[in-house]
Amino acid sequence: MLFAVRAVSKINKIAIPPLLREIAAVFNAHGKQVFLVGGAVRDMLRGTSHVDWDLASDARPEEVMAIFPVVIPTGIKHGTVTIRYKKHSIEVTTYRRDGDYGDGRHPDRIEYASGIEEDLSRRDFTMNAIAAELPGGRILDPYCGRADIENRFIRCVGKAEDRLNEDGLRALRALRFASQLSFDIDEELLQAIKSNPEMIHPVSIERVKLEFDKIIASDKPSTALLYMEKCGLLRLILPELLRCRGVEQKGYHRFDVLDHSLLACDYAARNGYRQSVRIAALFHDIGKPKTAKRGDSGVWTFYNHETASADITRSIMTRLRYSNAEIDETAHLVREHMFNYTPSWSESAVRRFVRRAGEKNLSALFDLRRADSFGMTGAEPPLDMLFDFQDAINSTLAKGRALSLKDLAVNGKDLMQAGIPCGKRMGLILGQLLEAVLDDPDLNTKEKLLEIALAYAGQN
Ligand code: ATP
Ligand code: MG
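Residue numbers restart at each chain and count upward from 1, following the sequence in its written direction. Chains and ligands are labelled by the order in which they are written, letters from A for the one and numbers from 1 for the other. Whole-chain, interface and lining totals are the exception, using all residues; otherwise, since this is a predicted model, local features are given only for residues with pLDDT of at least 70 and side-chain atom pairs are given and counted only at 80 or more. Here the side-chain values reflect all heavy atoms present in the structure, with hydrogen atoms and water set aside.

## A word on the overall build of the protein
Step number 1: Looking only at helices and strands, the protein features 23 helices and 13 strands.
Step number 2: The globule rule used for comparison is 2.2 Å times the number of residues to the exponent 0.38, while the radius of gyration itself is calculated over C-alpha atoms. In terms of overall dimensions, the protein is more spread out than a globule: its C-alpha atoms have a radius of gyration of 29 Å, far above the 23 Å expected for 460 residues.
Step number 3: Throughout, a residue-residue contact means that at least one pair of heavy atoms, one from each residue, lies within 4.5 Å. In the protein, the proportion of contacts linking residues at least 24 apart, taken out of those at least 6 apart, comes to 66%.
Step number 4: We score Asp and Glu as negative and Lys and Arg as positive, and we do not count His or the chain ends. Charge positions come from single atoms, namely NZ of Lys, CZ of Arg, CG of Asp or CD of Glu. Positive and negative charge centroids in the protein, built from 64 and 64 side chains respectively, lie 1 Å apart. To qualify as a helix, a DSSP run of H or I must reach at least 4 residues; to qualify as a strand, a run of E must reach at least 2; elements of each kind are numbered from the N terminus.

## Quick notes on the state of the cysteines
Step number 1: Any two cysteine sulfur atoms lying within 2.5 Å of each other are counted as a disulfide. Summed over all chains, the structure comprises zero disulfides.
Step number 2: The cysteine cysteine 231 is free of any disulfide, with cysteine 156 supplying the nearest cysteine sulfur at 12 Å.
Step number 3: A residue is classified by how much of its surface remains accessible, and cysteine 231, at 2% relative accessible area, is buried.
Step number 4: Considering cysteine sulfurs only, cysteine 244 is the nearest to cysteine 265, which forms no disulfide, with 13 Å between them. Buried means the residue's accessible area, taken with a 1.4 Å probe over protein chains only, is under 20% of the maximum for its type, while exposed means over 50%, and partly exposed covers the values in between.

## Some details on the sheet that holds strand E8 (residues 131-133)
Step number 1: Spatially, E3-E4-E5-E2-E1-E8-E9 is the arrangement adopted by the seven strands of the open sheet, whose pairing is mixed. Sheet topology places strand E3 (71-75) and strand E9 (139-140) at the edges, where each strand pairs with a single neighbour.
Step number 2: Paired strands are those between which DSSP finds at least two bridges. Where E8 meets E9, two bridges bridge the pair, whose relative direction is antiparallel. Each bridged residue has a counterpart across the sheet, and for alanine 132 the counterpart in E9 is isoleucine 139.
Step number 3: Inter-axis angles, ranging from 0 to 180 degrees, are taken between N-to-C directions of lines fitted to C-alpha atoms, where helices are fitted over the stretch in contact. Docked against the sheet, helix H1 (residues 18-29) engages strand E1 (34-37), strand E2 (53-57), strand E4 (80-85) and strand E5 (88-94), running at close to 20° with respect to E2.
Step number 4: Running at roughly 65° to E1, helix H2 (residues 39-46) makes contact with E1, E2, E8 and E9 of the sheet.

## Regarding the site of ligand 1
Step number 1: Arg42, Asn128, Asp167, Arg170 and Arg176 are the nearest of the 15 residues found near ligand 1.
Step number 2: Note that an oxygen atom of ligand 1 is positioned 3.2 Å from one of the backbone N or O atoms of glycine 39.
Step number 3: Pairs of N or O atoms within 3.5 Å make up the polar contacts considered here, provided that, within protein, one atom can donate a hydrogen while the other can accept it, and that residues adjacent in sequence are counted only when both atoms are side-chain atoms. Measuring from an oxygen atom of ligand 1, one finds a side-chain N or O atom of arginine 176 at 3.0 Å.
Step number 4: Only the protein chains shown count as covering a residue, and every accessible area follows the Shrake-Rupley method with a 1.4 Å probe. Burial of ligand 1 by the protein chains amounts to 80% of its free accessible area of 590 Å².
Step number 5: Elements with a contribution of two residues or more to the shell around ligand 1: H2 and helix H7 (169-181).
Step number 6: Ranked by the residues each element gives to the shell around ligand 1, the list is headed by H7, at four residues. Proximity is defined per residue: any heavy atom of the residue falling within 4 Å of a molecule or strand makes that residue near it.

## Some remarks on helix H13 (residues 257-270)
Step number 1: How far a helix is expected to stretch is found by multiplying one less than its residue total by 1.5 Å. With 14 residues, H13 should reach 20 Å at 1.5 Å per residue; the first-to-last C-alpha distance of 20 Å fits that figure.
Step number 2: Buried residues along H13 sit against helix H9 (205-217), helix H10 (221-231), helix H12 (239-242), helix H14 (275-283), helix H15 (288-291) and helix H19 (362-377).
Step number 3: After H13 finishes, the residue glycine 272 shows a positive phi value of roughly 70°.

## Things to note about the nonpolar core
Step number 1: In terms of nonpolar packing, the biggest core is built from 132 residues, with Phe27, Leu55, Ile154, Leu189 and Leu433 touching the most fellow members.
Step number 2: Ranked by residues supplied to this core, first place goes to H7 with eight residues.
Step number 3: Setting aside chain neighbours within four positions, we find phenylalanine 27 in contact with Lys32, Gln33, Val34, Leu55, Ser57, Ala59, Val64, Ile67, Phe68, Ile83 and Val92.
Step number 4: The set of buried Ala, Val, Leu, Ile, Met, Phe, Trp, Tyr and Cys residues whose side-chain atoms join them within 4.5 Å is what this entry labels a nonpolar core. Among the nonpolar cores identified, the runner-up in size contains nine residues, and Ala113, Ile116, Leu120 and Leu140 belong to it.

## A closer look at the packing of H9 against H14
Step number 1: Where H9 contacts H14, the axes come no closer than 10 Å and their chain directions differ by 95°. On the basis of their axis angle, the class for H9 and H14 is roughly perpendicular. Contacts from Phe212, Asp213, Ile216 and Ala217 in H9 reach Gln275, Arg278, Ile279, Leu282 and Phe283 in H14.
Step number 2: Put simply, Ala, Val, Leu, Ile, Met, Phe, Trp, Tyr, Cys and Pro go in the nonpolar bin, Asp, Glu, Lys and Arg in the charged bin, and everything else, Gly too, in the polar bin. Residues that form the contact of H9 with H14 fall into these classes: six nonpolar, one polar and two charged. Note that the term roughly parallel is reserved for angles under 35 degrees, roughly antiparallel for angles over 145, roughly perpendicular for angles of 65 to 115, and oblique for everything else.

## Quick look at the pattern of salt bridges
Step number 1: By definition here, a salt bridge exists when the distance from a side-chain nitrogen of Lys or Arg to a carboxyl oxygen of Asp or Glu is within 4 Å. By the definition in use, this model includes 36 salt bridges.
Step number 2: Arginine 356 serves as the salt-bridge partner of glutamate 336, at 3.0 Å between the closest nitrogen and oxygen. Of this pair, glutamate 336 sits in the loop between helix H17 (324-335) and helix H18 (347-357) while arginine 356 sits in helix H18, and the two are 20 residues apart along the sequence.
Step number 3: Overall, glutamate 336 belongs to the buried group, its relative accessible area being 8%.

## Some words on the confidence of the model for the protein
Step number 1: Scored by pLDDT, the protein comes out at a mean of 91, with 94% of its residues at no less than 70.
Step number 2: By definition, pLDDT measures how confident the predictor is in each residue, and it falls between 0 and 100. A low-confidence stretch, residues 1-5 stays under pLDDT 50, and its non-local contacts, those more than four residues away or across chains, total zero contacts.

## Notes on H10
Step number 1: Turning to H10, its buried residues number three or more, namely Pro221, Ser222, Ala224, Leu225, Tyr227, Met228 and Cys231.
Step number 2: A positive backbone phi angle near 90° is found at glycine 232, which sits one or two residues after H10.

## Some points on the environment of phenylalanine 302
Step number 1: Note on placement: phenylalanine 302 falls in the loop between strand E13 (300-301) and helix H16 (305-319).
Step number 2: Along the backbone, phenylalanine 302 and serine 121 are 181 residues apart, and their C-alpha atoms lie at a distance of 52 Å.
Step number 3: Discounting residues that sit within four places of it in the chain, phenylalanine 302 has contacts with Val247, Glu248, Gln249, Lys288, Thr291 and Ala292.

## Here's the deal with the pairing of E2
Step number 1: Judged by how many residues are buried, E2 sits mostly within the fold: four of five residues are covered.
Step number 2: Pairing between E1 and E2: four bridges, direction antiparallel. Within the sheet, the bridge partner assigned to valine 37 lies in E2 and is aspartate 54.
Step number 3: Of the pairings in the sheet, the one linking E2 to E5 comprises five bridges and is parallel in character. From the neighbouring strand, leucine 55 faces E5, where its bridge partner is valine 92.

Below is the structure:
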């Protein structure tokens, strides 16, 4: 008979930073135990650093508040307080046992657990259910999390189906960790998500958004997004993206719209592009299913898909409660992603492009374009067009930077003094002056613009 044997790790201790030793000494001096838990232990065992420290202790929140001078009650109803110590914030949660999860997300009540072992048993994955005793760093690993970390494996503490039914967020956390850590997901856990993806419904949209954001911020967002597709979560969370599956675009691309978008998003992530560019890379063609038309020659066209994609991007990001600034920036990048510079563009065309795209968005738009090009073939694209375009923009802007009304050498007051009455007509004239300057920046002097303005005023 064959037995599946999980490798047992030899690491029994981790090195504890001096600051945590000092904090532990305070707990111990008051007769309290304290352990480092969660992501910090996981990441130290992986050999990487973790930004925040979570501690678990038998001290109740009010006891922690009594023994440290500065403590903020950040999550009292979950038994959590935050110690401020030498400019660091350290979360301490009293050993917890969760009550029943009547609604699939929030435990009905918080009860304190008898010890660290019981506290670890309520945690989501074996890799997250390891504690390091402070100050010494001795490891407690009742669910063989170290072995799973070494084997790069995400596995639930206990029966996957039960743990996901208690809290549907764990499904999304598992997929997010797969993207962040490049770990595989245990088959039982995958099957449990697949058999009931609706478990995600009780999870608040804010939590879903946080996980989506972490997926996009990871080095390889496609890992989680493909798992989401496979398990049925994409259909529930981002149905617009799932609609891109099977939308072929032969002639331009090797891949269907979904795979193309995932490749583009991974490229943006791999190159460290900012979050708005990564999201724009994922959604830049999401309007294609809606605008697809097969021409007489049998080739698919997607006219104006960038406008449809920008609208859908807005609606998804609004649903996920992104801020207006984030939505505006990302939708704008999606809307403008189709530029196709050739050396035949006049300076005026270059200036008009910069005006519409916005000077501050140019580098993000170029990044998006690189990601889009990579997504067409899956290979590093030849990007002479972008270098030529950048040169054309630099030389054009060097000749004049009047790109908006505020850059004009005249303002409304000047026009009024020249006898043009304030009002709608003046607004139109200022717009015409800007058009003239976009065509010829040499016209941007007070004298010339007043002359043109008076000529316009006389005509109208
Ligand atoms: P990161 O901070 O990178 O998101 P993390 O593992 O530290 O990773 P946190 O959300 O900070 O995750 O949570 C800290 C710990 O709390 C986790 O490692 C895990 O032990 C536990 N935990 C968090 N969320 C859940 C959950 N939904 N169900 C069970 N345990 C959880
Ligand atoms: Mg954490």
